[in-house]
Every structure is written in structure tokens, then in C-alpha cells.
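# Report on the structure
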Amino acid sequence: MAIEETTPGLNFIRAIVEADIRAGKNGGRVHTRFPPEPNGYLHIGHAKSICLNFGLARDYNGLCNLRFDDTNPGKEDVEYVDSILADIRWLGFDWGDRLFYASDYFEKLYEYALHLIRAGKAYVCSLSADEIRAYRGTLTEPGKDSPCRQRSVEENLDLFQRMRAGEFPDGAYVLRARIDMGSPNLNMRDPVLYRIRRESHHRTGDRWLIYPMYDYTHPISDALEGITHSVCTLEFEDHRPFYDWVLDNLPVPCHPQQIEFARLNLNYTVMSKRKLLELVDKAFVRGWDDPRLPTIAGLRRRGYTPEAIRAFAETVGVAKRESMVDMALLEHCLREDLNRRAQRVMAVLKPLKVVITNYPAGRVEEMDAENNPEDPGAGTRKLPFSREIFIEQDDFREDPPKKYFRLSPGREIRLKHAYYIRCDEVVKNANGDIIELRCSHDPESRGGWTKDNRKVLGTSHWVSAAHAVNAEVRLYEKLLSVPDPAAEKEEKDFKEYLNPDSLEILKGCKVEPSLAQARPGDFFQFLRQGYFCVDPDSTPELPVFNRSVTLRDTWARIERSRQDK
RNA sequence: UGGGGUGUGGCCAAGCGGUAAGGCAUCGGCCUUUGGAGCCGAGAUUCGGAGGUUCGAAUCCUCCCGCCCCAGCCA
């Protein structure tokens, strides 16, 4: 694994793993696995688990398998396995030749089931789904034994084989573990091991008519692969006694240890597969890779880097308490990565024309611009400057408020890498809209300096009108308008909280000429605005940029706090 | 009113009997040809609450309270 992060501090799982290594457990071996079900796209929460499992293997000289938990054919699809493979690879992890599918083990799983039946530890039950539920009891009352619990081994064997052979319709029988209907842990009240499903499986086709349940499949799959530490999320804590029961009652090669941690929750977004699927299916977003979604595909299209996501996964930590991580932390991780690496470029999103009246018409100067002040090795490039330029509409106020350090009538600012300009005249149309500024430049300020060292109010980005490239820019905001719909007073459907302003498409943006060559996947810092990446929709005729994250914006904060008052 | 977990500043999170790490966010200041970046500084007399043990407790004990998960032939 070519991951460069230094070994992170110890979380409780690493503490367990290190203690096991010290104790010589598993011969000092560490072997984890990431076990997604191919029924949806991976999201940032999965990324945390991926980084955890692959990171454990990386840091303790171990291995991490990728295994698809594909035991429910009705919900699963190859589209999902393909996307999952691509996303994990993109995140920077490598499972080597250890790509497995639970469906690879169907035959062995079946044989193990036979073993349980012969040992009197599993039986075929003819109760209906409703009856099983009724017999299960409740949280506070014990369940009742199924009348089928005493079926003979021979009859169970015969029935189970015939279930496989397809002699019965869906739902006619299930295979159940015989444990304890009085257990306070519902998962131990004779859980279902196999159900009949006449469904075609994306890998095994129509070979199977019975499918094993997750709780039965998972421990055996782990054992067959020699997993040492089986890391999963908190909701499976109650399942651990059954995980152990399966392994204790079957002649499996080893007994992995299941360890549970709290899943990641992020505010202002949705993380459940069900909700993500709904947003995609009902076209609230443009697809699984919509840049507003916390899916890996969406984050990638948004401009997130694998490095930023990995750093985030390390930073949030691993623990057992339910938590809600602030989206600002994710954004911070992206900024930190991109600040070091992104080339700075000039892009005017909402253009305002400026005519520099004392600059000769037809003259073009090539100004030197550094590509990245954080990285001297990034070099410089030439920017054409001419009499007519565009600046940002936000960089001019006819009536500037206090602390506004930008252009206004009579005031002087610096055009980054170019000249100082002073605003002499504001041109408006019949509606009173400002359509043009007439300014004069100081020829002595070429490059953005003057000998007298006088201070200017601020520095603006700009682009030469004659040389600018037209572009489309997509601005993204939070997916939800509230941090946590579940915490709202009124219980509404989560879709009620979708932020109506999560996407703003800007046409007619003006970007510096070098950006005509930008390719999908390239990322930049649009000076003073944020980090942007080239969208796959981009064409040579019309580049399309996605805003990945804004720069920290002190002025915006001042204005916001003024509004609050 | 069964069982399993969990409660440390706004959000994460260390800490495992010796007197509250770190990150994000926030607020000041410095610096700045990005109101970016960077740098410096501020904030829990306190660890869900109440008792107790101890020279000493976030860490041990007792009781109480809050929150999460479990009654799929989903994972």
C-alpha cells in the first residue's frame, strides 16, 4: 500500500491489536477485511471504515481483504460492485489478490449448515414469517419454542436438502439455529440461517434457491479467510454472541474477534444508503456522483482528493460513542491538502467590466504570476493584461461599508500581479445597474508595487477581457439546510430539509486563458475564491468547473455577523 | 419495567489513581501583492449528576439521570 501518512495515535482498536500482537495472539498476525454489501455506492462513512481496516493492515504488517457481502440477491447489483472496486482503488488502497465474495462460500456455508443440523444445532422451521415474529417474544418477554424445534435430524436434513433442490416455494421453510428462545438477546432466539429465495444472484445466477443470512455468513467468511480482527459498526454489538456461537459450534479454521466502533455521522448531509438511494432514484440530485452527495463518487467529482479523505478519516478518530462530525472538518482537510498543491489562477465568476482609460488601446502586456506561493517550485506563468478587463462584481461597491477594503469611487486597489487602479467613474444603464467602471492605472505600479511603498486598500483578481475564456462554474452549498434533521423539533421527512440553494450554476464566467487547456480532474485555486476542479461535463468550447470548497473568507464573516445583528 | 452500549469545552477526541493532550470551530493580535496561507494568544477550577474510598479520582465503588442500538425470512 502506497500510503504516506505517519502512524496515527492509538485508538481503542489499535490498542487491542497491539496488545494481541504483544501477546502473540494469532501468531502475531493482523488480517482485517472490508465487507461492503453491493447494494449502493460507497460514502464517506465507508471511507472511514476502509481507512481503518486497510490502515490497520498497513501499520501492523498485515493484510486487508475486500469481500462483498452478497447474500441478498434482490438488492444487489454488479453496478455497485464495480463502483465499490473503483472507489476503494481511488482512495488509494489495494487488496492485492484478495478480492472475495461471500457467494464464493455458498457451497461451504451449505455444508456447515448440514453440520449444524447433524449436531442438533439447527432445524428447519415451517412457521411463517409472521409466526416467527410472534414466537420471538418481545424485548421484555421471552419467546416460545417453535413446534418444529424437535424435528429429527433426518427430517431436517431431508427438508433442508429439498429446500436447496427447489421443492418448496419462497417462505415455506427456513433453517434456524437452535439456541435459546428465552435469551434476553433477541439475536439468540433461534435466528434464521437460510431462507428460500427464487431470485437470480448477480454472481451465482440461478444456481441457488436458498440464501444464507448475514449473521450466519459473516463469521464463517471471516474464519475461512483467516481474519484476525473483524471490525464492524456498533449496531452489530448485539450480534457478537451469535457470531461467536457460530464459530464455536463449527469446525472452522480460526475464531476471529469482532470489534465494534461508532459509524461516522456528518452534519448537513445524509449518510444512510436508503436516503441516498432515494435522492438518486427520485432525481433530487443528478446521480450517485452528484457533487453534493457524501458518496465517494460525489466527493471525487466535487474535487475532493484521496489524500484529503484519508486525512479526514484519521482526524475524526475511532471510538464507541455516537457522534456527529462537523462538515467544517472535512472541508478543512481538503483546504489543507489543496493549499499545498493547487495552482493559483485568475477566474472572475460574476464579471464587471473595467476600462482603464489611461492604458493604450491595443496594448497587451504579459504579467508574471506565481503559480503557488506555498510551493516555489511551482514556477510562474504569463498573464495578458490590456485596457479592458473584468473584475468581480463583489469587488466594487459604490457606497462602501466600513472595513470594505475593495474598489469604490475614488479609491485605489491593486490588481494582483498587474497595476494599481483608481476608480474614476461609474457607468450605469437605464435601470441604474452598474455596467462598467472607468479607472486609471498608475504606470509606476507595474507588477503590483510602487517605489513610494504606499499602501492600497486591497488586491483583486482580474482577467483581460480580450483574452478571457468563457466558462461555466457550479457552486455547491450544503445538501441540507439544517445540521441534523433528526434533532429538529418537528418530525418531517428529511427531504423537507434539502437546501434549495445547494447548487448554483454560473454562466458567463471569465477565466484566464491558460484554463482553456484544463482537463477533467484538474484542480485549481481560483484566487481569493476557493478550490475548483474541472467537471467531466467540461468541453474544449466550454470549460465547466465545480467549486470544491471556498477559501476561508474573513470579509464574508464580517458581513454575516453584521446581518445577524 | 429485557438485553447491549455510551456520556470529557460548540463539534470530534486523548486520558486507564497524581492534579484536563491534540484537531476543527470561535474570538483577539501579528504578518501578508489571495480579507488565502502562515505565526502568536484566549477560552473546561473541570470531566452527565449525587454520594463514597483515598494524602490525592475524569480515572476505583455505589446509586441516579441522559442518549444510542436490538422484536428483517436486510446488512
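Remember, it's a predicted structure, so these values are computed and weren't measured experimentally.

Taken together, 66 residues are adjacent to RNA strand B, and Arg197, Lys403, Lys416, Gly447 and Trp449 come closest. Each atom of RNA strand B within 4 Å of the protein belongs either to a base or to sugar and phosphate, the latter forming 66%. Lysine 416 has a polar side-chain atom sitting 2.4 Å from a sugar or linking oxygen of RNA strand B. One nitrogen or oxygen atom from the main chain of tryptophan 555 is found 3.5 Å from a sugar or linking oxygen belonging to RNA strand B. Counting residues per element, the ones that place at least two in the surface near RNA strand B are α5 (129-135), β6 (192-196), α11 (306-316), α12 (327-341) and α13 (554-564). A per-class count over the surface near RNA strand B returns 26 nonpolar, 17 polar and 23 charged.

Let's shift gears to the environment of arginine 67. Along the polypeptide, arginine 67 turns up in strand β2 (residues 63-68). The buried category is assigned to arginine 67, whose relative accessible area is 0%. For arginine 67, the side chain forms a polar contact with the side chain of glutamate 225, separated by 3.0 Å.

So, about the packing of helix α1 (residues 12-23) against helix α2 (residues 44-59). Here α1 crosses α2 at 35°, and the two axes come no closer than 12 Å. Here α1 and α2 pass one another in a crossing that is right-handed. Contacts between α1 and α2 involve Ile13, Arg14 and Val17 from the first element and Leu52, Gly55, Leu56, Arg58 and Asp59 from the second. Looking at the contact of α1 with α2 residue by residue, the classes come out as four nonpolar, one polar and three charged.

When the terminal C-alpha atoms of helix α3 (residues 78-91) are compared, their 20 Å separation across 14 residues agrees well with the 20 Å that a helix rising 1.5 Å per residue should span. All of the buried residues in α3 are Tyr80, Val81, Ser83, Ile84, Leu85, Asp87, Ile88 and Leu91. Its side-chain oxygen placed 2.8 Å from the backbone nitrogen of glutamate 79, aspartate 77 serves as the N-cap of α3. In the stretch just after α3, glycine 92 is the one whose phi turns positive, near 105°.

Turning next to unusual backbone geometry. Positive phi is not limited to glycine here, since asparagine 61 has a value of about 60°. With respect to the helices and strands, asparagine 61 occurs in the loop between α2 and β2. Residues other than glycine seldom take positive phi values, yet tyrosine 268 does so here, at roughly 60°. Within the secondary structure layout, tyrosine 268 lies in the loop between β9 (257-261) and α9 (273-281).

A word on the domain arrangement of chain A. It is common to give the size of an interface as the accessible area that goes away when the parts come together. Here chain A is partitioned into domain 1 (21-261), domain 2 (273-343 + 472-564) and domain 3 (347-461). Its C-alpha centre places domain 2 at a distance of 29 Å from the equivalent point of domain 3. Taken together, the 25 residues of domain 2 in the interface contact 25 residues of domain 3. Buried area between domain 2 and domain 3, summed over both chains or domains, comes out near 2000 Å², and the portion from carbon and sulfur atoms is 53%. When residues of domain 2 are sorted by the area they lose upon contact with domain 3, Lys510, Arg528 and Trp555 head the list and together hold 31% of the total. In this structure, the salt-bridge partner of arginine 397 is glutamate 559, at a minimum N-O distance of 2.8 Å. Along the contact surface separating domain 2 from domain 3 lie twelve residue pairs in polar contact (both at pLDDT 80 or more).

This part takes up the pairing of strand β5 (residues 174-177). Both faces of β5 are covered, namely the face carrying Val174 and Arg176 and the face carrying Leu175 and Ala177. Two elements, strand β4 (residues 122-125) and β5, share four bridges in a ladder whose sense is antiparallel. If you follow alanine 122 over to β5, its bridge partner there is alanine 177. Where β5 meets β6, three bridges bridge the pair, whose relative direction is antiparallel. Opposite leucine 175, over in β6, you have tyrosine 194 as the bridge partner.

What follows deals with the side chain of aspartate 535. For aspartate 535, the location among the structural elements is in the loop between β24 (530-534) and β25 (544-550). A distance of 2.7 Å separates the side chain of aspartate 535 from the backbone nitrogen of aspartate 537, its partner in a polar contact. Setting aside residues no more than four positions away along its own chain, aspartate 535 makes contact with Arg301, Arg474, Pro520, Val544 and Asn546.

Cut-off values and rules
Residues numbered from 1 in each chain as written. Chains lettered and ligands numbered in written order. Predicted model: local features only at pLDDT ≥ 70, side-chain atom pairs only at ≥ 80, totals over all residues. Heavy atoms only, no water. Near = heavy atom within 4 Å. Polar contact = N/O pair within 3.5 Å; in protein donor to acceptor, adjacent residues only side chain to side chain. Helix = DSSP H or I, 4+ residues; strand = E, 2+ residues; numbered from the N terminus. Nonpolar A, V, L, I, M, F, W, Y, C, P; charged D, E, K, R; others polar. Buried < 20%, exposed > 50% of the residue type's maximum accessible area, 1.4 Å probe, protein only. Axes fitted to C-alpha atoms, helices over the stretch in contact; angles between N-to-C directions. Left-handed = near helix turned anticlockwise from the far one by under 90°. Contact = heavy atoms within 4.5 Å. Expected span 1.5 Å × (residues − 1). Domains from an automatic or database assignment. Buried area = accessible area lost by both parts, 1.4 Å probe. Salt bridge = Lys/Arg side-chain N within 4 Å of Asp/Glu carboxyl O. Pairing = 2+ DSSP bridges.

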